[in-house]
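Listed below, chain by chain, are the residues.
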Amino acid sequence: MPIKSIRNYLQILGTIGNVPENTEREKVGHGFLIYTGALMGLGGLLWGTLSFFSGLVWQSLIPYGYTLITIVNFSYLYYSKKFELVRIIQMAISVLLPFLFQISLGGFIPSGAVIIWSILSILVGFTFQNRITTLRWFIFYLALIVAGGVIDSNIFLAGSVDTYGLSILFFTLNLCVTSTIIFIMFFYFAANAENLKTQLETLAHTDPLTNISNRRHIFEIMESEFNRVKRNGGTFAVMMLDIDHFKKINDNFGHATGDQVIKSFSLCLTRNIRKIDSVGRYGGEEFIIFLPDSSLEQAHTSAQRINSHCRELQIATSDNACTFTVSIGISVFASRDNCIDEIIARADSALYQAKEHGRDQVRTSPAV
Ligand SMILES: Nc1nc2c(ncn2[C@@H]2O[C@H](COP(=O)(O)OP(=O)(O)OP(=O)(O)O)[C@@H](O)[C@H]2O)c(=O)[nH]1
């Protein structure tokens, strides 16, 4: 087989669990599992063949079985794209592997199963991302430890009851108690990781000056609503708002007052929209409001309300109060639109019209 096609196959292998919605981090995680699983599957094939030709015929079924499960698991992933289930199966068979390896070699040390499972399971604990996974894994882990103790004492080591001077029953119970303490620790680590993740997500979505959505987040909201309306039907309006002559405010009153104006404007917007509407800072002194289930007329009424409320706002400065006005452009969804950018562009050109015609006013762009 030429090198190029081997490379092609390897690239396909690393991407079989991926769907377009996956983040880069998830894609790397999927690829890692597929390659490590594939390597272990290949190892199982070699190990099974070696065992078979060494005369250990039934023992070779264990590594062959491992390879077979891996192939079936990855084929299922290829067709279903259900990564979570495949990950759990692959992890479970990997945890069982060293134990099966011992059986296939025909020998067992006292409490071997308990020791192997306890070490592997605790190592897996370091990958926990949330409390639910930790709890599930802990239940699975305790079951493995108990099963390990039973297997050790009843099947493989009947009569042999000594592990480092302890009876296998005592050893197993001891391990259960110790690991419960370790898993409580993991549980709190996972809770912290969850909190940190939420905090990071909030930071990544929020504009630091106004505490409302930043450009990226409002765009994500609008894009997913656009896709929903495009598929299920319905309508929405988009409002672009820009503070008039903001540069003059900065020049006359200073940057700090300019920031205060932006904050008051943002507060005015959040107070004058419905709960289902979303507002975001699109850039500098430019804001955007997404209004689900709204016609051009409804959005126009809402924009005029915002426009007159902003006119009344007074920002205290060291000399006299600073006032400002805003220009607003509105557009609505049209069934011909192919992406949210087209609707934003229409709202933007309506805003441009408002600026051109003297500012402090609302302009609409009819659906095309
Ligand atoms: N204080 C402050 N100023 C900002 C911020 N972001 C952008 N600006 C300033 O906002 C000003 C925007 O100026 P222009 O784009 O010329 O717009 P404008 O003066 O509002 O004029 P029109 O939009 O045509 O009415 C620029 O001077 C930016 O430096 C901010 O976060 N805080």
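Calculation rules
- Residues numbered from 1 in each chain as written.
- Predicted model: local features only at pLDDT ≥ 70, side-chain atom pairs only at ≥ 80, totals over all residues.
- Heavy atoms only, no water.
- UniProt positions renumbered as here; feature names shortened; annotations may be inferred.
- Buried < 20%, exposed > 50% of the residue type's maximum accessible area, 1.4 Å probe, protein only.
- Helix = DSSP H or I, 4+ residues; strand = E, 2+ residues; numbered from the N terminus.
- Pairing = 2+ DSSP bridges.
- Near = heavy atom within 4 Å.
- Polar contact = N/O pair within 3.5 Å; in protein donor to acceptor, adjacent residues only side chain to side chain.
- Areas by Shrake-Rupley, 256 points an atom, 1.4 Å probe, with all protein chains shown as cover.
- Nonpolar A, V, L, I, M, F, W, Y, C, P; charged D, E, K, R; others polar.
- Phe/Tyr/Trp six-rings, centres within 6.5 Å; stacked < 30°, edge-to-face > 60°.
- Patch = residues over 30% accessible without salt bridge, like charges linked within 9 Å, V, L, I, M, F, W, Y side chains within 5 Å.
- Salt bridge = Lys/Arg side-chain N within 4 Å of Asp/Glu carboxyl O.
- Axes fitted to C-alpha atoms, helices over the stretch in contact; angles between N-to-C directions.
- Parallel < 35°, antiparallel > 145°, perpendicular 65-115°, else oblique.
- Left-handed = near helix turned anticlockwise from the far one by under 90°.
- Contact = heavy atoms within 4.5 Å.

As recorded in an unreviewed UniProt entry, the chain goes by the name diguanylate cyclase, listed as coming from Thalassomonas haliotis. According to UniProt, the comment filed for the chain under the heading Catalytic activity (unreviewed entry) is "2 GTP = 3',3'-c-di-GMP + 2 diphosphate".

Asks: Help me understand the pairing of strand S1 (residues 236–243), please; the structure alone is not making it clear to me.
Replies: For a regular strand, side-chain orientation follows a simple rule: the groups alternate between the two sheet faces. Burial runs high along S1: 8 of the 8 residues are buried. Of the two faces of S1, both are covered, the one formed by Phe236, Val238, Met240 and Asp242 as well as the one formed by Ala237, Met239, Leu241 and Ile243. With 7 bridges connecting them, S1 and strand S3 (residues 286–292) associate as antiparallel partners. Counterpart to alanine 237 in the pairing with S3 is leucine 291. Judged from the 7 bridges that link them, S1 and strand S4 (residues 326–332) form a sheet pairing that is antiparallel.

Asks: Explain the site of the ligand here, please?
Replies: Near the ligand lie 16 residues; those nearest to it are His245, Phe246, Lys247, Asp259 and Arg281. For the ligand, an oxygen atom lies 3.2 Å from a polar atom in the backbone of isoleucine 243. A distance of 2.7 Å is found between an oxygen atom of the ligand and a side-chain nitrogen or oxygen belonging to arginine 281. Relative to its free-state accessible area of 670 Å², the ligand is covered by the protein chains to the extent of 65%. If you list the elements that add at least two residues to the shell around the ligand, you get S1, helix H9 (246–253) and helix H10 (255–271). Among the elements that make up the shell around the ligand, the one with the highest residue count is H10 (4 residues). For the shell around the ligand, the residue count by class is 3 nonpolar, 5 polar and 8 charged.

Asks: So what exactly am I meant to see when it comes to the packing of aromatic side chains here?
Replies: Aromatic ring pairs: the centre-centre distance and the angle between the two ring planes describe each pair. For the coordinates displayed, the defined rule picks out 7 aromatic pairs. Pairing phenylalanine 226 with phenylalanine 333 gives two aromatic rings, centres 5.8 Å apart and planes at 70°, and the pair type is edge-to-face. A residue pair is termed long-range when its members are at least 10 positions apart, and phenylalanine 226 in helix H8 (residues 215–232) and phenylalanine 333 in the loop between S4 and helix H12 (340–356) qualify at 107 residues. Residue class for phenylalanine 226 comes out buried when judged on its relative accessible area of 3%. Pairing phenylalanine 265 with phenylalanine 287 gives two aromatic rings, centres 5.0 Å apart and planes at 80°, and the pair type is edge-to-face. Of this pair, phenylalanine 265 sits in helix H10 while phenylalanine 287 sits in strand S3, placing them 22 residues apart in sequence.

Asks: Looking at this structure, how should I read a nonpolar patch on the surface?
Replies: Side chains of Ile69, Tyr76, Leu85 and Ile89 sit close together on the surface and give an oily, nonpolar patch of about 310 Å² of accessible area. Contributions of two or more residues to the nonpolar patch are made by helix H3 (61–80) and helix H4 (83–104). Mapped onto the elements of the fold, tyrosine 76 is located in helix H3.

Asks: I tried to follow the packing of H10 against helix H11 (residues 296–312) on my own but got confused; where do I start?
Replies: How two helices pack is summed up by the angle between their axes together with the distance between the axes. Where H10 meets H11, the closest approach of the two axes is 10 Å, and the angle between their N-to-C directions is 140°. Considering their axes alone, H10 and H11 lie oblique with respect to each other. When you trace H10 past H11, the crossing you get is right-handed. Of the residues in H11, those touching H10 at Phe265, Cys268 and Leu269 are Ile306, His309 and Cys310. Class assignment of the residues belonging to the contact of H10 with H11 gives a composition of 5 nonpolar, 1 polar and no charged.

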